[in-house]
Each structure stands twice: as structure tokens, then as C-alpha cells.
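# Architecture and fold: a report
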Amino acid sequence: MKAVVKTEPGYGHVEYMDIPEPEPGPGMVKIQVKATGICGTDLHIYRDEFPSVPPVILGHEFSGEVVALGPGVTHIRVGDRVMSELPVAPCGRCRYCKTGHLNLCIDRRGLGWSANGSFAEYMLAEEQTLHLVPDSLDYEQAALCEPLAVASYGVIELTGVRAGDTVYVAGPGPIGLMVSQAAKAEGATVVIGGVAADLSRLALAKELGVDLTVNIEDEDVDRMLRDLTGGLGADVVFECSGAEPAAALCLDVVRKGGRYTQMGLFGRPVRLNVDRLVVKELRVQGVFSSNWRAWDRALRLVRQGRVRLSPLISHRLPLSAWREAFELLWQRKGLKVLLIPGA
Ligand SMILES: [Zn+2]
Ligand SMILES: [Zn+2]
């Protein structure tokens, strides 16, 4: 089969190549990948800014059809339409596994960085981490449920956005737009900020129901948020761009006693004025992957029509065009770019 493989450590070393089809071991299912999205993390892995364990097939946002079952699989059938959480072979014994945080397992391997992922015609996943695709979703929308689960985990589970909150979201990429929709679903007022290159993404944010959009190169977002909050500033900020100036702006516009949640990866150490955390008494939250509860809630939001996924899909390309797809994202021409194996 064809697959996009990180062949060795370091910058680049990603190739489209022929490799044997995988066979499912105990508890595993074999999935024919129907659609798979490119995540910022994949770009970071290409640039060696996020750890990976080569040789490994990249990709972790996907949907597909089950084509074979390993021994001991009991609840999934051939022909099921599925998506998956990312943990592979979580130990089941550590503090994190015991408390339902498989994303933090001390022995964790993850699809697309330390276990073979979805940029391939076929892949394996654990029965226990699969979710069935709701009937109302096609395979392309379903491929966006993993990042939506991350947004739902960050907004609802970890940060606890509530009705009445004023939320500022930095970065109108796919995660920023999903975070915004999840915060709207929770009843918050949402302002999303981007730069001049993001104008079409900001227009889409408006269409998706975000209250206010702002080009931070032109407009005074601090003033805008203070006007909305009786002079205080945002109750909650979500940094979704992984850009140092955006993170600095988030620290500026969040109110005293507010919450700062980091969703984006910077890919390197950054300089931030940590004293702002002290004098503003901020609560800081990181978000790594997601968990079963966040998936469950994300899928309910989609079924209820409170989050829209299709408008986020900007491009569909065959798997062989992976390099062109990565380029689109580096040049900020794409929003969610899907690779379609077998197309
Ligand atoms: Zn991702
Ligand atoms: Zn564990």
C-alpha cells in the first residue's frame, strides 16, 4: 500500500512510499482510511519540532471503514464506519490510565507520531479507542472529529467555559474555529483575532456564529474586549496559533483572575512575560490531545448541529499530493486540508 512515512529523525525525511499492508493483532482492527486531515502537529513533525519515532506513518485525524478484525475484537464489525482516539497500547496500569487520562499514559504511544498513523491506504487502531461515525456525518466531516474532540476537551472539560464568559480566541485556524464554536455552544460571547493574511478565515468565523472578529494588525483588540466587559478584559483566552506575539497579546487582554489556555504548539521555547501570570492571578491550562468524554461531547455537539465542520474543509487532495498539501498550509492558503487515500 501507499503511505506517507517519516523515515528518519531530523528536519524533513518524509516520503510517499510503498509498504506492506498491516495485519491486525489482538484487540486491533484494520481500517481502510477514507479521509485524513493534516494537523499543525504533522507540520511540526516534518520540521522535527515535535517528537516522533521514525520510521512512522504520519497522520492522526481520520475516518475509515473497518475491513478486518484482530483476535478478541467483540464490539466492532467489518463494514463499521469509524474514527479513533490516538492512544495505542496504553498500559492500563498507570495513574493516568486508571483515571481515564489515556492521553497522558506514561507508556503512551500515539497514532501518527510513535505508532503508524492515517496517511496510508490502511491502518490499525485499537478497538477500545474507536468511535462510530454518526449517521449524519460523511467520511470527510468525520475526519474532523479528532480536532473537534481536542477543542471540546480544552474548552469544556479543562477550561470550563460557561454562559456569560467573554472569550478571546487567538488564531482562526481549524482549532481556533472549533474552539470558538465549542465556546459559543457553551453560551459564551466569542471574539476571534487574526492577522491580515487571515481575513477569509475571519469571515468564515463570522459565518460560523462568532460574535466579533478582529484583525489585530489594524484594530485595538484590548479596547474591544474592555468595551465588552465593563473595562475588565476577557474572562478566558485560548491561544490557538502557536505564535509568540499572539500569546503575548492573550496575556494582555485577559482580565485579572481570568484563565489562559494554550492550545497551539510553538515548536520551540518562547519568551513571555510570566510576571503577568502573577500580577493578574491567572489560571494557566495546557491541552494535550483529548479523552473519551471530550469525544463523546464533541460528537453530541455535531449531532445537535451546534458545531459545523464542512465549512472548515478547504482542500481535498490525493495522498500522493501530500507535499503540495503541506505547502498549502505553510503558505496559509488552506484551512483544513484533507488527504484522500486511494483517490
Ligand atoms: Zn491534530
Ligand atoms: Zn498508562
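Being a predicted model, the structure only gives us computed values, none of them experimental.

### Quick notes on the sheet that holds strand S1 (residues 2–6)
Across the sheet, which stays open at both edges, the three strands sit in the order S2-S1-S4 with antiparallel pairing between neighbours. The open sheet has two free edges, formed respectively by strand S2 (14–18) and strand S4 (56–57), since each of these has just one partner strand.

### A short note on the coordination of the zinc ion (ligand 1)
Around the zinc ion (ligand 1), the protein contributes the donor atoms Cys-39 (SG) and His-60 (NE2), at 2.1 to 2.3 Å from the metal centre. Note that Cys-39 is positioned in the loop between strand S3 (28–37) and helix H1 (40–46) and His-60 in the loop between S4 and strand S5 (61–69), a separation of 21 residues in sequence. Its relative accessible area of 14% is what places Cys-39 among the buried residues.

### Let's talk about the packing of helix H7 (residues 221–228) against helix H8 (residues 244–253)
Running from amino to carboxyl end, H7 crosses H8 at an angle of 30°, the nearest separation of the two axes being 10 Å. Relative to H8, the element H7 is oriented roughly parallel. For the pair H7 and H8, the sense of crossing is right-handed. Judged by residue contacts, Val-221, Asp-222, Leu-225 and Arg-226 of H7 engage Leu-249, Asp-252 and Val-253 from H8.

### Things to note about the coordination of the zinc ion (ligand 2)
For the zinc ion (ligand 2), the protein coordination sphere consists of Cys-91 (SG), Cys-94 (SG), Cys-97 (SG) and Cys-105 (SG), at 2.3 to 2.4 Å. Its four donor atoms give the zinc ion (ligand 2) angles of 101 to 117° at the centre, a pattern that matches the tetrahedral case. Judged by its relative accessible area of 5%, Cys-105 is buried.

### Some points on the environment of Val-29
As for its placement among the helices and strands, Val-29 is situated in strand S3. For the pair Val-29 and Leu-69, spaced 40 residues apart in sequence, the C-alpha separation works out to 4.6 Å. With near-sequence residues (within four places) excluded, Val-29 lies in contact with Pro-24, Val-66, Ala-68, Leu-69, Val-73, Ile-76, Met-123, Leu-124, Ala-125 and Leu-130.

### Concerning the sheet that holds strand S15 (residues 254–262)
Strand order across the open sheet formed by six strands is S13-S12-S11-S14-S15-S16, with parallel pairing between neighbours. On the outer flanks of this sheet lie strand S13 (212–215) and strand S16 (283–286), each paired with one strand and no other. Each strand axis lies, on average, 20° off the axis of its neighbour in the sheet, ignoring direction. In this sheet, S16 lies alongside S15 in parallel orientation, the contact comprising four bridges. Bridged to Tyr-260 within S16 is Val-284. Lying over the sheet, helix H6 (residues 199–207) contacts strand S12 (189–194) and S13, oriented at roughly 170° with respect to S13.

### Details of the layout of surface pockets
For the second largest pocket, the calculated volume is near 150 Å³. Around the second largest pocket sit Glu-85, Thr-99, Gly-100, His-101, Leu-102, Asn-103, Gln-128, Ser-290, Asn-291, Trp-292 and Arg-293, which together line it. Residues belonging to the lining of the second largest pocket are distributed by class as follows: two nonpolar, seven polar and two charged.

### A look at the pattern of salt bridges
According to the stated counting rule, one finds 15 salt bridges in the structure shown. Between Arg-316 and Glu-140 there is a salt bridge, with its nearest N and O atoms 2.6 Å apart. One end of the pair, Arg-316, is in strand S17 (residues 313–318); the other, Glu-140, is in helix H3 (residues 139–142), with 176 residues separating them in the sequence. The shortest N-O distance in the salt bridge between Arg-293 and Glu-157 comes to 2.9 Å. With Arg-293 in helix H10 (residues 292–303) and Glu-157 in helix H4 (residues 145–158), the pair connects residues that are 136 residues apart, well separated along the chain. On the accessibility criterion, Glu-157 (24% relative accessible area) is partly exposed. Ionic contacts of the salt-bridge type, sharing partners, join the residues Glu-21, Glu-23 and Lys-30 into one network.

Reading guide: rules and limits
- Residues numbered from 1 in each chain as written.
- Chains lettered and ligands numbered in written order.
- Predicted model: local features only at pLDDT ≥ 70, side-chain atom pairs only at ≥ 80, totals over all residues.
- Heavy atoms only, no water.
- Pairing = 2+ DSSP bridges.
- Helix = DSSP H or I, 4+ residues; strand = E, 2+ residues; numbered from the N terminus.
- Donors = N, O, S within 2.8 Å, 3.2 Å for Na, K, Ca; no water.
- Buried < 20%, exposed > 50% of the residue type's maximum accessible area, 1.4 Å probe, protein only.
- Axes fitted to C-alpha atoms, helices over the stretch in contact; angles between N-to-C directions.
- Parallel < 35°, antiparallel > 145°, perpendicular 65-115°, else oblique.
- Left-handed = near helix turned anticlockwise from the far one by under 90°.
- Contact = heavy atoms within 4.5 Å.
- Tetrahedral: all angles 85-135°; square planar, octahedral: opposite > 155°, others 65-115°.
- 1 Å grid on protein atoms, 1.4 Å probe; cavity = no way out; pocket = protein on both sides within 12 Å on 5 of 7 lines; lining within 4 Å.
- Points joined across faces, edges and corners; volume = space filled by probe spheres on them.
- Nonpolar A, V, L, I, M, F, W, Y, C, P; charged D, E, K, R; others polar.
- Salt bridge = Lys/Arg side-chain N within 4 Å of Asp/Glu carboxyl O.

On their own, these measurements won't tell you what the molecule is for.
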